[in-house]
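# Observations on the three-dimensional arrangement
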Amino acid sequence: MKIKVLYEDSNIVAIDKPSGISVHSDGKNKEKTISDWVLKNYIKMKNVGEPMQVEYQGEKIEIKRPGIVHRLDRDTSGVLLLAKNQKAYEFLKNQFKNREIKKIYHTIVEGNIKNERGVINKPIGKSPTDFRKYSAGRGAKGEMREAITQYKVLKRFEVSKNKFTYLEVMPKTGRTHQIRVHMKYLNHPVVCDPLYNTKNICLKNIKRMALHAKSIEFKNLKGDMVRVEAPLPLMFKKMLK
């Protein structure tokens, strides 16, 4: 597994996570994950962070999340932060909890979004029809958690009479699938999203979910602000020329 390191100091490492690789195991398959890469390349991080319980064959099993401070969906690419020690883990976790970390994503969505800029302030709960999904719409069940997403239009374009919008997205909260759920709520689902784009619309040069974690800004343990950026995937660049 080839992973590009974007930033590294004595406490923190930031990588460019490829699409198609899970951050950690779900206990159900043996695919290589980012956690496996961490254990191979940063063995001292094996006990950093918190264990996680997942359900496998009806039983709860514990898996390791070595240094994993936050996560990206399997098909999302881009910047992922890792903590090298427990002090750094707690330090970064607190920044996420207090919403001090700034994240910017780039995405291509189906359709022509009406406004040039917008804020989606819509709580997210579980989908009433699919245990894998979340929902910001009527009928969502379980605990409804605050979710706020800002966006601005970078480009509008058309392919074979189908309209698309290229967005810069700034999530202010960190709910599971937040950007994907909020775009679905606007009726502009992310291109090639296997869960929330029910029409399964993809593009010629984009055969995976068109969502990329472009940059992240955080404070390191020295108190310095650090901004790390992941290069835009080639398929995005080709589509957006």
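Here's a quick rundown of the structure.

Calculation notes
Residues numbered from 1 in each chain as written. Predicted model: local features only at pLDDT ≥ 70, side-chain atom pairs only at ≥ 80, totals over all residues. Heavy atoms only, no water. Core = buried A, V, L, I, M, F, W, Y, C linked by side-chain atoms within 4.5 Å. Buried < 20%, exposed > 50% of the residue type's maximum accessible area, 1.4 Å probe, protein only. Helix = DSSP H or I, 4+ residues; strand = E, 2+ residues; numbered from the N terminus. Phe/Tyr/Trp six-rings, centres within 6.5 Å; stacked < 30°, edge-to-face > 60°. Lys NZ or Arg CZ within 6 Å of the ring centre and 35° of its normal. 1 Å grid on protein atoms, 1.4 Å probe; cavity = no way out; pocket = protein on both sides within 12 Å on 5 of 7 lines; lining within 4 Å. Points joined across faces, edges and corners; volume = space filled by probe spheres on them. Nonpolar A, V, L, I, M, F, W, Y, C, P; charged D, E, K, R; others polar. Pairing = 2+ DSSP bridges. Disulfide = S-S within 2.5 Å.

### Quick notes on the nonpolar core
By size, the foremost hydrophobic cluster in this structure holds 58 residues, and its most contacted members are L82, I108 and F218. The dominant element in this core, judged by the number of residues it contributes, is strand β5 (residues 77–83), at five residues. By size, the runner-up hydrophobic cluster in this structure holds six residues, among which are I124, A136, A147 and V181.

### A closer look at the packing of aromatic side chains
This structure, assessed with the given rule, holds three aromatic pairs. Measuring from ring centre to ring centre gives 5.9 Å for Y7 and F218, while their planes differ by 75 degrees; the resulting arrangement is edge-to-face. Note that Y7 is positioned in strand β1 (residues 4–8) and F218 in strand β13 (residues 211–219), a separation of 211 residues in sequence. F218 matches Y7 in its accessibility class, with the two residues each being buried. Here the basic side chain of K126 rests over the ring of Y134, its NZ or CZ set 4.3 Å away from the ring centre.

### Observations concerning empty space enclosed by the protein
Enumeration according to the criterion identifies one cavity of 30 Å³ or more in this entry. Roughly 50 Å³ of volume is contained in the largest cavity. Forming the boundary of the largest cavity are H70, L72, V79, K103, I104, Y105, A213, S215 and I216. Elements with a minimum of two residues in the lining of the largest cavity: β6 (102–110) and β13. Grouping the constituent residues of the lining of the largest cavity by class yields six nonpolar, two polar and one charged.

### A few points about the sheet that holds strand β8 (residues 124–126)
The three strands lie next to each other as β9-β8-β10, forming an open sheet whose pairing is antiparallel. One side of each edge strand has no neighbouring strand; the edge strands of this open sheet are β9 (134–135) and β10 (141–145). Direction of pairing for β8 relative to β9: antiparallel, over a ladder of two bridges. In the sheet register, K126 faces β9, and the bridge partner there is Y134.

### Re the state of the cysteines
For the structure on display, the rule yields one disulfide. A disulfide bridge connects C192 with C202, and the sulfur atoms are separated by 1.9 Å. Sign of the S-S torsion, about 80 degrees for the bond between C192 and C202, identifies this disulfide as right-handed. Residue C192 is located in the loop between α3 (178–185) and β13, and its partner C202 is located in the loop between α3 and β13; the two are separated by 10 residues in the primary sequence.

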